[in-house]
Amino acid sequence: MNKKTFPESELIINADGSCFHLHLKPEQLADKVILVGDPARVDTVAAHFNSKECEVSSREFHTITGTYKGKRITVQSHGIGCDNIDIVVNELDTLANIDYNTREEKDEHRTLTMVRIGTCGGLQPNTPTGCFVASVKSIGFDGLLNYYAGRNVVCDTEMERAFREHMQWNPIKGAPYVSVGDEELIEQIAQDDMVRGYTISCGGFYGPQGRVLRADIEDPRQNEKIESFEYEGMKICNFEMESSALAGMASLLGHRAMTCCMVIANRYAQKMNTEYKNSIDTLITKVLDRI
């Protein structure tokens, strides 16, 4: 059996032997990965580590690998948006499953466990500011997964159909996809103190999330429809901007992933907490203890 070999134009390796965007080397990656959007939040997470073995920064990508209560963990920032998740998950996978010396796929697959800690906007009465939400399934408005073969295998296509019909979806906006978080990992992380529900990952912060400033949006009833959508007894709990791509890309590449967020704004109640950075540490310690 011939091994798949990756040319320089596809697998871009820096002169120091690190991956192109993250500037991380294979030996610097732990099996357990915590993902955060804000590069500064990497330091907040790593402040809990008992020891640190490496720290790397490149653009919005900041990485620290260390040890927490005997567990080797990498904390990685990804910036904002599903396009950055495409970069981060693909490059983490290459570090785990491609030999950087030969450019060949490794014989044995290495599975990463990835938990994203983020912030979000709540959409239901049971998601007030300050609560934690675990994304069981995520509806991607960004279209990222539609570029990959096998997306139907890892997506809930029946839920996609139901959502499009409920929303009276305008195809000019592209096809939404529904990715699924790793069930065992959700049980492990969410336990009994996080709200479980569906999440919408938006391709922007304003119009795609129904915010109207000076530019009107295509569907003025968008958020009203989203809040009323129900599928298999569960509702859409929150807006954020990365969970669909994370769950989908992880599934395609054979990894375990899920997202948990702290609600910092409730769109239903029209309330916002701009001081959330003082309280998200509670969610960080929960994930560190449970991953």
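Everything that follows concerns the structure shown earlier in this document.
Structure report, in brief. As the structure is a computational prediction, the values presented were derived from the model and not from experiment.

Rules used throughout
Residues numbered from 1 in each chain as written. Predicted model: local features only at pLDDT ≥ 70, side-chain atom pairs only at ≥ 80, totals over all residues. Heavy atoms only, no water. Core = buried A, V, L, I, M, F, W, Y, C linked by side-chain atoms within 4.5 Å. Buried < 20%, exposed > 50% of the residue type's maximum accessible area, 1.4 Å probe, protein only. Helix = DSSP H or I, 4+ residues; strand = E, 2+ residues; numbered from the N terminus. Contact = heavy atoms within 4.5 Å. Expected span 1.5 Å × (residues − 1). Phe/Tyr/Trp six-rings, centres within 6.5 Å; stacked < 30°, edge-to-face > 60°. Lys NZ or Arg CZ within 6 Å of the ring centre and 35° of its normal. Polar contact = N/O pair within 3.5 Å; in protein donor to acceptor, adjacent residues only side chain to side chain. Axes fitted to C-alpha atoms, helices over the stretch in contact; angles between N-to-C directions. Parallel < 35°, antiparallel > 145°, perpendicular 65-115°, else oblique. Left-handed = near helix turned anticlockwise from the far one by under 90°. Pairing = 2+ DSSP bridges. Arc of directions from axis to C-beta. Patch = residues over 30% accessible without salt bridge, like charges linked within 9 Å, V, L, I, M, F, W, Y side chains within 5 Å. Areas by Shrake-Rupley, 256 points an atom, 1.4 Å probe, with all protein chains shown as cover. Salt bridge = Lys/Arg side-chain N within 4 Å of Asp/Glu carboxyl O.

Brief notes about the nonpolar core
Then, number 1: Residues Leu92 and Met114 are the most contacted members of the largest nonpolar core, which totals 31 residues.
Then, number 2: Of all elements in the fold, only β1 (32-36), α2 (82-97) and α7 (243-253) reach the threshold of two or more residues within this core.
Then, number 3: When residues no more than four places from it in sequence are discounted, the contact partners of Met114 are Val33, Leu35, Val89, Leu92, Leu185, Leu246, Ala250, His255, Arg256, Ala257 and Met258.
Then, number 4: Judged by nonpolar contacts, the second largest core, of 29 residues, contains Tyr68, Leu185, Met258 and Ile280.

Some points on α2
Then, number 1: The end-to-end C-alpha distance of α2, which contains 16 residues, comes to 22 Å, matching closely the 22 Å that a straight helix rising 1.5 Å per residue would cover.
Then, number 2: A large share of α2 lies buried, amounting to 13 of its 16 residues.

So, the packing of aromatic side chains
Then, number 1: Counted under the stated rule, the structure contains six aromatic pairs.
Then, number 2: Ring centres 6.5 Å apart and planes at 5° place the aromatic pair Phe229 and Tyr231 in the stacked group. Residues Phe229 and Tyr231 agree in their burial class; the two are buried.
Then, number 3: Through pairs of rings, three or more aromatic residues link up here, namely Phe141, Phe163, Trp169, Phe229 and Tyr231.
Then, number 4: The ring of Phe205 carries the charged tip of Arg211 above its face, separated from the ring centre by 3.9 Å.

With respect to the environment of His48
Then, number 1: Tracing the backbone through its elements, the reader meets His48 in the loop between α1 (39-46) and β2 (51-58).
Then, number 2: Along the backbone, His48 and Asp38 are ten residues apart, and their C-alpha atoms lie at a distance of 17 Å.
Then, number 3: Leaving out residues up to four positions away in the same chain, His48 has contacts with Tyr68, Asp281, Ile284, Thr285 and Leu288.
Then, number 4: A distance of 2.9 Å separates polar atoms of two side chains, one belonging to His48 and the other to Asp281.

A word on the packing of α1 against helix α8 (residues 281-290)
Then, number 1: One way to put it is that α1 packs onto α8 with a least axis distance of 10 Å and a crossing angle of 60°. In this view, α1 runs oblique relative to α8, as classed from their interaxial angle. Crossing of α1 against α8: the hand is right-handed. Contacts between α1 and α8 pair Arg41, Thr44 and Val45 from the former with Asp281, Ile284 and Leu288 from the latter.

Quick word on the pairing of strand β4 (residues 71-77)
As a general feature of sheets, a regular strand has side chains that alternate between the two faces.
Then, number 1: Summarising burial for β4: six of the seven residues are buried, a large majority.
Then, number 2: Relative to β4, β1 is paired through five bridges, and the arrangement is parallel. Within β4, the residue paired with Val33 across the bridge is Thr74.
Then, number 3: As defined by bridge partners, strand β3 (residues 61-68) adjoins β4 across six bridges and the pair is classed as antiparallel. Looking across to β4, one finds that Gly66 is bridged to Ile73.

Some words on unusual backbone geometry
Then, number 1: The phi dihedral of Arg103 is positive, around 65°, even though this residue is not glycine.
Then, number 2: Structurally, Arg103 is set in the loop between β5 (98-99) and β6 (104-105).
Then, number 3: Arg103 sits in the buried class, given a relative accessible area of 17%.
Then, number 4: A positive phi angle is found at Gln168, which is not glycine, with a value near 50°.
Then, number 5: The topology assignment puts Gln168 in the loop between α4 (157-167) and β9 (177-180).
Then, number 6: Residue classification places Gln168 among the exposed residues on the basis of a relative accessible area of 61%.

Describing α1
Then, number 1: Among the residues of α1, those classed as buried are Arg41, Val42, Val45 and Ala46. Along α1, the residues classed as buried sweep out an arc of 140° about the axis, all on the same side.
Then, number 2: Looking at the buried side of α1, the elements it contacts are β1, β2, β3, β4, β7 (113-122) and α8.
Then, number 3: One side-chain oxygen of the residue at the start of α1 lies 2.9 Å from the amide nitrogen of Ala40, identifying that residue as Asp38.

Section: a nonpolar patch on the surface
Then, number 1: A contiguous nonpolar surface patch, about 330 Å² in accessible area, is contributed by Phe205, Tyr206 and Leu213.
Then, number 2: Note that Tyr206 resides in the loop between β10 (195-201) and α6 (222-228).
Then, number 3: We classify Tyr206 as partly exposed; its relative accessible area is 44%.

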